[in-house]
Every structure is written in structure tokens, then in C-alpha cells.
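A structural walkthrough
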Amino acid sequence: MKKMFFDRKRIKHKVDVRTRKVLSKFGAFVRQTAKRSMPYRKQTTSPPGRPPFSHTKKLKRNVFFGYDENRRSVVIGPVRYPTKTNSARVLPALEYGGKTDHLTAGWITIEARPFMEPAFQAELPKVDGMWRDSIK
């Protein structure tokens, strides 16, 4: 009689494993796309609306992703890094625009130079294919 019913524990485990795998794969793709969008240039700033230039490659090296097991979701983006300026304000200002402090100029306004949202949107159409046939 038991064979007629789903083994809920086994199915839940498979779904959890596949969810982690699919979301981690998606996180890796978004991370790579975001990193590739930031070209190396000696020029100091990119045009507003375009991803920032990577003159020190510090920003590129600090873009990561991680699977949040409690929420069953993936978190993707740059982490704060040790710097004389406050990266907690600089990173959101780069993505969305805003004010931040600068070493020599004091408080400055930065126009948005998004790099995470465009990367996310570019990879989003691939998610359906990642889920397809993920649970067998």
C-alpha cells in the first residue's frame, strides 16, 4: 500500500538538493556576467548608466554568490571590502546612484552605474531551462 503514496521525506530532500543546485548555478552565471560587464580601463569613471570600470580589479574580485538555506534563495553581489572609503555606501551608490564620501573630495554624488541588475536580467531567461528536468 505504501508504494501508492509519495515518500514525502525523499521527495522533499530531492527538491531541496535540486533547488540548491539550480539556484547556485544561476548565482554563478549572474556573478560571471556582472564581472564581465566591468571592463578594465585606466580612465577614472565610466559613463553614467554603464557598468563601472575596473581600474584596480578590486570590485570584480569581490563579487560573490551564496545559497541561503533558510530562505532557499541565492544572494548575489559585491561584498564590502576593507578600504579607506566606506564601501557600504559606495557599492549601493554605484548600482543605484546616491551620495558617498570620497577620500579627498568629501561627500560626492554618484550617478548610477548598474552592474548587478543588468547581469541578473540577462541571465533570468535561462532559469526555466535550469529547472526543466531537474527532479527525476
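The following refers to the structure shown. What you see is a predicted model; the values in this text were computed from it and never measured.

1. Describing the pattern of salt bridges
- In the structure shown here, the tally under the stated rule is 3 salt bridges.
- One salt bridge connects Arg-20 with Glu-69, and the closest N-O pair in it is separated by 3.2 Å. Here Arg-20, found in helix H1 (residues 8-36), pairs with Glu-69, found in the loop between strand S1 (63-68) and strand S2 (73-78); they are 49 residues apart in sequence, far enough to count as distant.

2. Observations concerning H1
- The end-to-end C-alpha distance of H1, which contains 29 residues, comes to 42 Å, matching closely the 42 Å that a straight helix rising 1.5 Å per residue would cover.
- Buried within H1 we find Thr-19, Val-22, Leu-23, Phe-26, Gly-27, Val-30, Arg-31, Thr-33, Ala-34 and Lys-35.

3. Quick look at the packing of aromatic side chains
- Enumeration according to the criterion identifies 1 aromatic pair in this entry.
- With a centroid separation of 5.5 Å and an interplanar angle of 80°, the aromatic rings of Phe-26 and Phe-120 are classed as edge-to-face. Highlighted residues: Phe-26 in helix H1 and Phe-120 in helix H4 (residues 116-123), separated in sequence by 94 residues.
- The lysine or arginine in question, Lys-57, covers the ring of Tyr-40, its NZ or CZ lying 5.1 Å from the ring centre.
- Between Lys-126 and the ring centre of Phe-29, over which it is positioned, the NZ or CZ distance is 5.6 Å.

Quick notes on the rules
Residues numbered from 1 in each chain as written. Predicted model: local features only at pLDDT ≥ 70, side-chain atom pairs only at ≥ 80, totals over all residues. Heavy atoms only, no water. Salt bridge = Lys/Arg side-chain N within 4 Å of Asp/Glu carboxyl O. Helix = DSSP H or I, 4+ residues; strand = E, 2+ residues; numbered from the N terminus. Expected span 1.5 Å × (residues − 1). Buried < 20%, exposed > 50% of the residue type's maximum accessible area, 1.4 Å probe, protein only. Phe/Tyr/Trp six-rings, centres within 6.5 Å; stacked < 30°, edge-to-face > 60°. Lys NZ or Arg CZ within 6 Å of the ring centre and 35° of its normal.

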